[in-house]
Amino acid sequence: MKLLEDRIINDGLILEGDILKVDNFLNHQMDVRLLEEMGKEFKSLFKEKKINKILTIESSGIGIAVMASRYFDYCPVVFAKKGKSSNVGGEVYSCLEKSYTRNVEYNVQVSKKYLSADDSVLIIDDFLANGEALNALINICKEAKAEVAGCGIVITKAYQMGEKRIMDMGIEVKSLARVVEMKNGEIKFG
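Quick summary incoming for the structure in this document.

Our focus in this paragraph is the overall build of the protein. A tally of regular secondary structure across the protein gives six helices and ten strands. In terms of overall dimensions, the protein is globule-like: its C-alpha atoms have a radius of gyration of 16 Å, near the 16 Å expected for 190 residues. Seen along its three principal axes, the alpha-carbon backbone of the protein occupies a region of about 50 × 35 × 30 Å. For the protein, the residues scored as buried account for 46% of the 190 residues in total. For the protein, long-range pairs separated by at least 24 residues make up 62% of all intrachain contacts whose partners lie at least 6 apart in sequence. Within the structure as shown, the protein displays about 9,700 Å² of accessible surface, and the carbon and sulfur contribution to it stands at 47%.

Rendered as structure tokens:
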């Protein structure tokens, strides 16, 4: 998605530790018009799928998932919580996930009330690097016997193992921007 790639080049920063910082438009301050265009693009990429639920993980994926929901007939958006929460009662699906950017392990949880075998789920997230968050969400869908219709990612670091890891499971991954190299302050897409 050229609009997103241009925004990454103009406003993204490469930080030490192979971190691409896009918090000024994606995951701290959000450019709502850009998120709306991303929602349209996700619909275009997954138009053949019968999706009745969107699943993401807190917190950066929530805004993106909500905007995408508009283009999937306002289907419900479910977001997995990282850790025990007092407002998630009853039985939950859960899976451990190690955060790439924070180097912390989370017990990701979704209430069993919100996922079932009747669901065809589009998983949406802001970044795909090693695939830990996606793997956790996929495992939660499997536990719920929900179908994973695909994974929509805003930015994939294609030079890391996550994209291949998820595709090797037989799950379709579509990225709006695929970073193939970040080196010497430059970002290359492919």
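With that settled, consider the nonpolar core. Leu4, Ile8, Leu26, Phe42, Ile54 and Ile155 are the most contacted members of the largest nonpolar core, which has 29 residues in total. Listing elements by their share of this core, those giving two or more residues are α1 (2-11), α2 (23-27), α3 (32-45), α4 (60-69), β7 (120-128), β8 (147-157) and β9 (173-183). Dropping the residues within four chain positions of it, leucine 4 is found in contact with Phe25, Leu34, Met38, Val154, Ile155, Leu176 and Ala177. With 28 residues, the next largest nonpolar core counts Leu55, Tyr93, Leu128 and Leu137 among its residues.

An order of β5-β6-β4-β3-β7-β8-β9-β10 is seen for the eight strands of this open sheet, with the pairing classed as mixed. Every interior strand has two partners, whereas the edge strands, β5 (92-98) and β10 (186-189), have only one. Averaged over all pairs of adjacent strands, the angle between strand axes in this sheet comes to 30 degrees, irrespective of strand direction. Relative to strand β6 (residues 105-111), β5 runs antiparallel, the two being bridged by seven bridges.

A word on the environment of serine 116. Secondary-structure assignment places serine 116 in the loop between β6 and β7. Classification of serine 116 as partly exposed rests on a relative accessible area of 28%. Expressed as a C-alpha distance, the spacing of serine 116 and tyrosine 106, which sit ten residues apart in the sequence, is 23 Å. In this view, serine 116 contacts Ala144, Lys145 and Ala146; residues no more than four positions away in its chain are not counted.

Let's shift gears to the side chain of aspartate 119. Of note, aspartate 119 is situated in the loop between β6 and β7. For aspartate 119, a relative accessible area of 6% translates into the label buried. A distance of 2.9 Å separates the side chain of aspartate 119 from the backbone nitrogen of serine 116, its partner in a polar contact. Discounting chain neighbours no more than four positions away, the residues touching aspartate 119 are Asn52, Lys53, Tyr114, Ala146 and Glu147.

Conventions used here
Residues numbered from 1 in each chain as written. Predicted model: local features only at pLDDT ≥ 70, side-chain atom pairs only at ≥ 80, totals over all residues. Heavy atoms only, no water. Helix = DSSP H or I, 4+ residues; strand = E, 2+ residues; numbered from the N terminus. Rg over C-alpha atoms; globule rule 2.2 N^0.38 Å. Buried < 20%, exposed > 50% of the residue type's maximum accessible area, 1.4 Å probe, protein only. Contact = heavy atoms within 4.5 Å. Areas by Shrake-Rupley, 256 points an atom, 1.4 Å probe, with all protein chains shown as cover. Core = buried A, V, L, I, M, F, W, Y, C linked by side-chain atoms within 4.5 Å. Pairing = 2+ DSSP bridges. Axes fitted to C-alpha atoms, helices over the stretch in contact; angles between N-to-C directions. Polar contact = N/O pair within 3.5 Å; in protein donor to acceptor, adjacent residues only side chain to side chain.

Function-wise, these values are silent; they only describe arrangement.
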